[in-house]
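# Tertiary structure, described
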Amino acid sequence: ITCGESFNHYIQRDKKDNHVLVTKGIYSTLRHPSYTGFYYWAVGTQLILCNPLSTILYGCAAWTFFRYRIEYEEETLRKLFKEYEDYASRTYVGIPFL
């Protein structure tokens, strides 16, 4: 809802006319709230199931996936929005060590 037409499941390499950098709402604190939520959901479901091995494996798999995806996405966003660097400096990813 906050992103409107600027949200897409695919990382956009080209800036469209209606593409804006969303910095309000939850994005004023977290740069990637859906990634953060999915990461904690993946780890949390395994914690609830009391499965320590799966908790570690899910955590590592999700962390690795988001590490590379966020790195690529942020590189792209820096190219598309000159103000992204400032935005990134005052917000968090929300996933440990990213």
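So, here is what we can say about the structure in this document. (Residues numbered from 1 in each chain as written. Predicted model: local features only at pLDDT ≥ 70, side-chain atom pairs only at ≥ 80, totals over all residues. Heavy atoms only, no water.)

### A short note on a nonpolar patch on the surface
Nonpolar side chains collect at one region of the surface, where Leu 53, Leu 57 and Tyr 58 lie side by side and expose about 320 Å² of accessible area between them. Positionally, Leu 53 belongs in helix α2 (residues 52-80). (Patch = residues over 30% accessible without salt bridge, like charges linked within 9 Å, V, L, I, M, F, W, Y side chains within 5 Å. Areas by Shrake-Rupley, 256 points an atom, 1.4 Å probe, with all protein chains shown as cover. Salt bridge = Lys/Arg side-chain N within 4 Å of Asp/Glu carboxyl O. Helix = DSSP H or I, 4+ residues; strand = E, 2+ residues; numbered from the N terminus.)

### Topic: the nonpolar core
With 10 residues, the main nonpolar core is built from Cys 3, Leu 21, Val 22, Tyr 27, Leu 77, Leu 80, Phe 81, Tyr 84, Tyr 87 and Ala 88. Counting only elements with at least two residues in this core, the list comes to α2 and α3 (84-89). If one sorts the elements of this core by residue count, α3 sits on top with 3 residues. Setting aside chain neighbours within four positions, we find Leu 80 in contact with Gln 12, Arg 13, Asp 14, Lys 15 and His 19. Membership of the second largest hydrophobic core comes to 8 residues, among which are Tyr 35, Tyr 39, Phe 66 and Val 93. (Core = buried A, V, L, I, M, F, W, Y, C linked by side-chain atoms within 4.5 Å. Buried < 20%, exposed > 50% of the residue type's maximum accessible area, 1.4 Å probe, protein only. Contact = heavy atoms within 4.5 Å.)

### Regarding helix α1 (residues 33-48)
Between its first and last C-alpha, α1 extends 22 Å over 16 residues, near the 22 Å set by a 1.5 Å rise per residue. If you check which residues of α1 are buried, you get Pro 33, Tyr 35, Thr 36, Tyr 39, Ala 42, Val 43 and Gln 46. Residues of α1 that are buried sit in contact with α2. Of the residues flanking the end of α1, it is Cys 50, one or two places downstream, whose phi is positive at about 55 degrees. (Expected span 1.5 Å × (residues − 1).)

### A word on the packing of aromatic side chains
Summed over all chains, the structure comprises 6 aromatic pairs. Judged by centre distance (5.0 Å) and plane angle (70 degrees), the rings of Phe 65 and Phe 66 are edge-to-face. Accessibility expressed as a relative area gives 4% for Phe 66, which makes it buried. Three or more aromatic residues joined by ring pairs form one cluster here, namely Tyr 35, Phe 38, Trp 41, Phe 65 and Phe 66. (Phe/Tyr/Trp six-rings, centres within 6.5 Å; stacked < 30°, edge-to-face > 60°.)

### Digging into the side chain of Thr 76
Mapped onto the elements, Thr 76 comes out in helix α2. Residue class for Thr 76 comes out buried when judged on its relative accessible area of 10%. Here Tyr 72 takes part through its backbone oxygen, which lies 3.0 Å from a polar atom of the side chain of Thr 76. Apart from the residues within four sequence positions on either side, Thr 76 is in contact with Ile 11, Gln 12 and Arg 13. (Polar contact = N/O pair within 3.5 Å; in protein donor to acceptor, adjacent residues only side chain to side chain.)

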